[in-house]
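Okay, here's what each chain looks like letter by letter:
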Amino acid sequence: MERVLAAFVRALRAAGSPVSTAETIDAVKAVAFVGYGDRQVLKDTLGAVLAKSETEKHTHDALFELYFNREAPPPEALEDAGQGDSEAEFDDLDVESLMNLAANGGRNAAAAIEQAAAAAGAENIRFATQVPHYVRRTLQLLGIDHLDQRILEGLQKGKADEKATQAMMAARETLQRRAREQVQRYFEIYGKSATENFMNDVVANRKIEKLSEHDQARMHTLVAKLAKRLADKHARRRKLKNRGVLDIRKTIRRATAHDGVPFDLAFKFKKKDRPKIVVLCDVSGSVARYVGFLLMLLYALHEKVADLRAFAFAAHLFDVDETLRNNEFETAMTQIIRMCGGTTDYGKALSDLMETENSDIIDRRTTVLVLGDARSNYGNPRLDLVREIADRSKRIVWLNPEIPSLWGFGDSVINQYRPFCTTLTHCATVADIERAIDDILKAYD
Amino acid sequence: MTIYQIPKPLTSIDGITEALASVGYISTQAISTTIYLAVNLRKPVLVEGPAGVGKTDLAQSLARALGFPLSRLQCYEGLDETKALYEWKYGKQLLYTQILKEKIHELTEGAGTLEASLKKLGDFQDIFFSREFLEPRPILRAMEQKTGSVLLVDEIDKSDEEFEALLLEILSEYQVTIPEIGTIAAQVPPIVILTSNNVRELGDALKRRCLHLHIGFPEQAREQRIVRARVPDIGQHLLEQIVAFVDKVRAEKLRKPPSISETVDWARTLVLLHAEELDPRIVQDTLGVLLKRQSDIAEIVDKVDELLVEAVAPGV
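These figures come from a predicted structure and were not determined experimentally. The residue numbering used here restarts from 1 in each chain and proceeds along that chain's sequence as written. All chains are assigned letters beginning with A, and all ligands numbers beginning with 1, in the order in which they are written. Totals for whole chains, interfaces and linings use every residue, but because this is a predicted model, local features are given only for residues with pLDDT of at least 70 and side-chain atom pairs only at 80 or more, for both listing and counting. Side-chain metrics rest on all non-hydrogen atoms present in the structure, leaving aside hydrogens and water.

Enquirer: Help me understand the domain arrangement of chain A in this model?
Expert: By a widespread convention, an interface's size corresponds to the accessible area lost as its parts come together. Segmentation into domains, and thus their bounds, comes from an automatic or database assignment. Here the domain parsing of chain A yields domain 1 (2-201), domain 2 (227-241 + 273-442) and domain 3 (244-272). Centre-to-centre, using C-alpha coordinates, domain 2 of chain A lies 43 Å away from domain 3 of chain A.

Enquirer: Honestly, the pairing of strand E7 (residues 395-400) of chain A in this entry has me stumped. Any pointers?
Expert: For a regular strand, side-chain orientation follows a simple rule: the groups alternate between the two sheet faces. Residues and elements named next belong to chain A. Each residue is placed in one exposure class: buried if its accessible area under a 1.4 Å probe, protein chains only, is under 20% of its type's maximum, exposed if it is over 50%, and partly exposed if it falls in between. The helix and strand labels rest on DSSP assignments: H or I over at least four residues marks a helix, E over at least two residues marks a strand, and numbering proceeds from the N terminus. Most of E7 is tucked away: six of the six residues are buried. The rule for pairing is simple: two strands pair if DSSP sees at least two bridges between them. Of the pairings in the sheet, the one linking strand E6 (residues 366-371) to E7 comprises five bridges and is parallel in character. Among the inter-strand pairings, Val 370 is bridged to a residue of E7, identified as Trp 398. Handedness of the crossover is the feature at issue here: the chain leaves E6, passes through helix H17 (residues 383-392), returns alongside E7, and the resulting connection is right-handed. Pairing of E7 with strand E8 (residues 423-426), which is carried by four bridges, proceeds in the parallel orientation. Bridge pairing in E8 links Trp 398 to Leu 424. Seen with the strands pointing away from the viewer, any crossover whose path from the first strand over the helix to the second strand runs clockwise is right-handed.

Enquirer: Quick question: what am I supposed to make of the nonpolar core here?
Expert: Nonpolar cores are built from buried Ala, Val, Leu, Ile, Met, Phe, Trp, Tyr and Cys residues. Side-chain atoms within 4.5 Å join them into one set. By size, the foremost hydrophobic cluster in this structure holds 113 residues, and its most contacted members are A:Phe8, A:Leu46, B:Ile35, B:Ile191, B:Phe245, B:Trp266 and B:Val283. Sorting elements by how many residues they give to this core places helix H10 (residues 162-205) of chain A first, with nine residues. In this view, B:Trp266 contacts B:Ile242, B:Phe245, B:Val246, B:Leu278, B:Val283, B:Thr286, B:Val289 and B:Leu290; residues no more than four positions away in its chain are not counted. Formed by 48 residues, the second largest nonpolar core is a distinct cluster that contains A:Cys281, A:Val283, A:Tyr299 and A:Val320. Throughout, a contact is declared for two residues whenever any of their heavy atoms are within 4.5 Å.

Enquirer: Help me understand the interface of chain B and chain A, please; the structure alone is not making it clear to me.
Expert: Each side of the interface is counted separately: chain B has 28 residues, and chain A has 31 residues. Summed over both partners, buried area is the accessible surface (1.4 Å probe) that two parts give up on being assembled. When the two sides are added together, the surface that chain B and chain A hide from each other amounts to roughly 2,500 Å², 59% of it contributed by carbon and sulfur. Counting the surface chain B buries against chain A, the share from its top three residues, B:Glu77, B:Arg208 and B:His212, is 25%. Salt bridge, as used here: a side-chain nitrogen of Lys or Arg that lies within 4 Å of a carboxyl oxygen of Asp or Glu. Counting every contact that joins chain B to chain A gives three salt bridges. The salt bridge partner of B:Lys43 is A:Asp26, with a shortest N-O separation of 3.3 Å. Pairs of N or O atoms within 3.5 Å make up the polar contacts considered here, provided that, within protein, one atom can donate a hydrogen while the other can accept it, and that residues adjacent in sequence are counted only when both atoms are side-chain atoms. Across the contact surface, chain B and chain A share nine residue pairs in polar contact (both at pLDDT 80 or more). Those elements that place two or more of their residues in the side of chain B that touches chain A are helix H2 (29-41), helix H5 (90-99), helix H10 (204-209) and strand E9 (211-214) of chain B. By residue number, the principal contributor to the side of chain B that touches chain A is H2(B), which donates eight residues. The residue makeup of the side of chain B that touches chain A, split by class, is 11 nonpolar, seven polar and 10 charged. Amino acid classes used here: Ala, Val, Leu, Ile, Met, Phe, Trp, Tyr, Cys and Pro are nonpolar; Asp, Glu, Lys and Arg are charged; the rest, including Gly, are polar.

Enquirer: Teacher, can you tell me more about the sheet that holds strand E5 (residues 317-319) of chain A here?
Expert: Strand pairing in a sheet relies on backbone hydrogen bonds, with the paired strands running either antiparallel or parallel. Residues and elements named next belong to chain A. Spatially, the six strands line up as an open sheet ordered E5-E4-E3-E6-E7-E8, and their pairing is mixed. Unpaired on one side and paired on the other, E5 and E8 mark the two borders of the sheet. Here the average twist between neighbouring strands, direction ignored, is 20°. Alignment of strand E4 (residues 307-313) against E5, held across three bridges, turns out to be antiparallel. Each bridged residue has a counterpart across the sheet, and for Ala 312 the counterpart in E5 is Phe 318. The axes are straight lines fitted to the C-alpha atoms, using for helices just the contacting stretch, and the angles between their N-to-C directions are given from 0 to 180°.

Enquirer: Please explain the sheet that holds E9(B) as it appears in this structure.
Expert: All names here are of chain B. One open sheet holds the five strands; their spatial order is E2-E5-E8-E1-E9, and the pairing between them is parallel. The open sheet terminates on both sides in strands that have one partner only, identified here as strand E2 (70-74) and E9. Adjacent strand axes in the sheet meet at a mean angle of 20° when their direction is disregarded. The pairing of strand E1 (residues 45-48) with E9 spans four bridges and is classified as parallel. Bridge assignment links Leu 46 to a residue of E9, and that residue is His 212. Sitting on the sheet, H2 is in contact with E1, strand E8 (191-196) and E9, with an inclination near 165° to E9.

Enquirer: In this structure, what is going on with the side chain of B:Arg208? I would like to understand it.
Expert: Take B:Arg208: it is sitting in helix H10. Among all residues touching B:Arg208, those that are not within four sequence positions of it are A:Pro18, A:Ser20, A:Glu23, A:Lys52 and A:Glu56.

Enquirer: Looking at this structure, how should I read the pairing of E6(A)?
Expert: All names here are of chain A. The buried count for E6 comes to six of six residues, which makes it a mostly enclosed element. Two strands pair when backbone bridges link them, and strand E3 (residues 276-282) and E6 are joined in this way by six bridges, in the parallel orientation. The residue bridging Leu 280 from the neighbouring strand is Val 370, located in E6.

Enquirer: How do you make sense of a positive patch on the surface when you look at a structure like this?
Expert: Residues form patches when they are more than 30% accessible in relative terms and have no salt bridge. Like charges link within 9 Å. Nonpolar side chains (Val, Leu, Ile, Met, Phe, Trp, Tyr) link within 5 Å. Only the protein chains shown count as cover for residues, and all accessible areas are computed by the Shrake-Rupley method using a 1.4 Å probe. Charge counting treats Lys and Arg as positive and Asp and Glu as negative, with His and both chain ends excluded. By convention, the point assigned to a charge is CZ for Arg, NZ for Lys, CD for Glu and CG for Asp. A surface patch of like charges, here positive, comprises A:Arg249, A:Lys250, A:Arg253, A:Arg254, A:Lys268 and B:Lys83. No other element matches the four residues that helix H12 (residues 248-255) of chain A contributes to the positive patch. Relative to the helices and strands, A:Lys250 resides in helix H12.

Enquirer: I'm lost on the packing of aromatic side chains in this one. Help?
Expert: Two rings from Phe, Tyr or Trp (for Trp, the six-membered ring) form a pair when their centres sit within 6.5 Å of each other. Planes less than 30 degrees apart are called stacked, planes more than 60 degrees apart edge-to-face, and all others tilted. Per the stated rule, a full pass over the model turns up 15 aromatic pairs over all chains. The interplanar angle of 40° and the centroid separation of 4.8 Å between the aromatic rings of A:Phe64 and A:Phe68 together place this pair among those described as tilted. In this pair, the class of A:Phe64 matches that of A:Phe68, namely buried. Consider the rings of A:Tyr67 and A:Phe68, whose centres lie 5.0 Å apart with planes at 80°: the pair is edge-to-face. By the burial criterion, A:Tyr67 is buried, and A:Phe68 matches it. Among the aromatic side chains, those forming a connected cluster through ring pairs are A:Phe8, A:Phe64, A:Tyr67 and A:Phe68. Each ring is checked for a lysine NZ or an arginine CZ that lies within 6 Å of its centre and within 35 degrees of its normal; such an atom marks a charge sitting over the ring. Between B:Lys92 and the ring centre of B:Phe133, over which it is positioned, the NZ or CZ distance is 5.5 Å.

Enquirer: Explain the state of the cysteines to me, please; I cannot follow it from the model alone.
Expert: As used here, a disulfide is simply a covalent bond connecting the sulfur atoms of two cysteines. Here, a disulfide means two cysteine sulfur atoms that sit within 2.5 Å of each other. Tallying each qualifying case throughout the model produces zero disulfides over all chains. Just so you know, A:Cys427 is unpaired, no disulfide at all, and the nearest cysteine sulfur is the one on A:Cys281, 11 Å from it.

Enquirer: Mind showing me how you'd approach the pattern of salt bridges here?
Expert: Per the counting criterion, the structure on display carries 31 salt bridges over all chains. B:Arg131 is the salt-bridge partner of B:Glu144, the closest N and O atoms lying 2.1 Å from each other. Taken as a pair, B:Glu144 in helix H8 (residues 138-144) and B:Arg131 in the loop between helix H7 (114-122) and strand E4 (134-136) lie far apart in primary sequence, 13 residues in all. Residues joined in a network through salt bridges with shared partners are A:Glu23, A:Lys52, A:Glu56, B:Asp204 and B:Arg208.

What follows is the structure, given as structure tokens:
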């Protein structure tokens, strides 16, 4: 029984659920206690011990259904019955038994195919493309080669033995189908989520401009995951206890209850504020894609950020809060790009920000996040306004999607803006954007 | 060490469900199984879920059903040992010192030197740090109960990490160490229930030590039973409509979906208004009882007609 549970825990870990050894031991104890007569009770028990959050519970429930499948016994249970688990020890069956298995089906067939699949090492499957390989090995271990040989002989003999040959071919097909189902099941349990996680990692690190349509869809789930991860990481405002500094007034006040004797010391502490972020996005041409992801991520985080104001600009600056809130993301993005149309002018955009009533939103708690390539078509960069922003705000973070070797060439004025930026980084992938936002949130912790 | 006898209702999962039902808490298979495991494996239970689904109520009903005293600890940021475990009664100690000045003078009468007086006093040094001057707080109180108790640590996600570390030590050994007195071990381990609204991620160590139970919004049959238990004189037809409607509302995108307590309040309101069945007008009038945010109310008030039609249509 321990092996069944151990394999189940392995499958959970492959699916991304971090189950510790201590929990595995608890699971064994708990199952020993409740027994495994009642399926629902077993499911609840394992869920209570192995799954410690809502997402983990979903994973666990799905895997439980797959693993403790009603028809076939769990992949490891048969190992206890005494079969060895190295390939060499598996006895292949002779042709008559194979034909019987194929014809009768039922539990015997399932058990035999199970054992063969386990012996073939199908639990190591990771990718869907490996399925045919493991099916082949399973069938070989079952002894399909003998059957194939007989079929070949039968075909060569021709019409004489036609019926028998047909029967053998039908049996072979059945066996192949069932073996495939079995290996597919192994893939569902052990391989699928590993593949998902792997693909997510690949997409996170691929350059944004190289993403295809297919990847775009994956983006939404990825961004949601990133947002959750960031939100969890920066979840609480910490009250920094500044242990060196005694708060005299508070201590004396507390001491009055004890006749002036200061039993209770009070220390000064600073409250950390929730972040205020003002985002300025250049929505011209190549930068537009990055803007999409940045805004998606920031809006997913909107609960953790006290005040998020987003502006998009090309020729003029526009407030995009309304648009993003009222529309679906894709339509909002097209609308925004249309609204801001024209050639980019950073100076004009900055003056729209600072020389109108909008300038009030920048105060000493604000982080100004600029996403753009600083290509201003040889317009006036308005460094005076940037200096003003740098003075008034907490920090300026500039994310530049262009490769660093092109900075400063042509109409790029990024090098002039550089002295005013607290951070200037090149961001090309979603992982970069995530890191930048993580840094911003960390500064507020 | 006395052998601890587990009380009758806790010896089977169905027993727990019945015991809880007898005090008005409608439990599910998952809830009862987890409580059963918690008691028999001596592990604490971490209950998570949206607000108002009956997490705190579970602990209270359990205490009522078993006849155990309930020790409740409400967590907040900055909660520390003195509020959670124990505190010395400083005031009482000072007072007694003053009052007993005379007696102390008598005691040190015979001693000639300073050293001798100190030695005489030394024999009584522990007098002011005895059990009498100890103010037990909820956790210590729960440990000291002779016949079992229920310890509810409410909203543990609102506390900070230092408190979690404190709790970890206590929950693994079920004993409290007081330097002046010694170690107080729980004779009967209390049933520990921790609730969390998931405002922040709890530390891994604490999570791994507890059994985890997630209570979500109930399905219609269970919700009907719960409302029936709280509002006994509601009509069956109205009850079905209410529960179906709330179910549909929860499927909408709201900032705060209505929970069970809101459904119960709404049912009570409608009974008070002598409503026989739901119609759009009465729903719109009483929507404020069900939804607590203006933005949510604004969102739903236009959709009341269609939601009502969907909810009332049988089995579609």
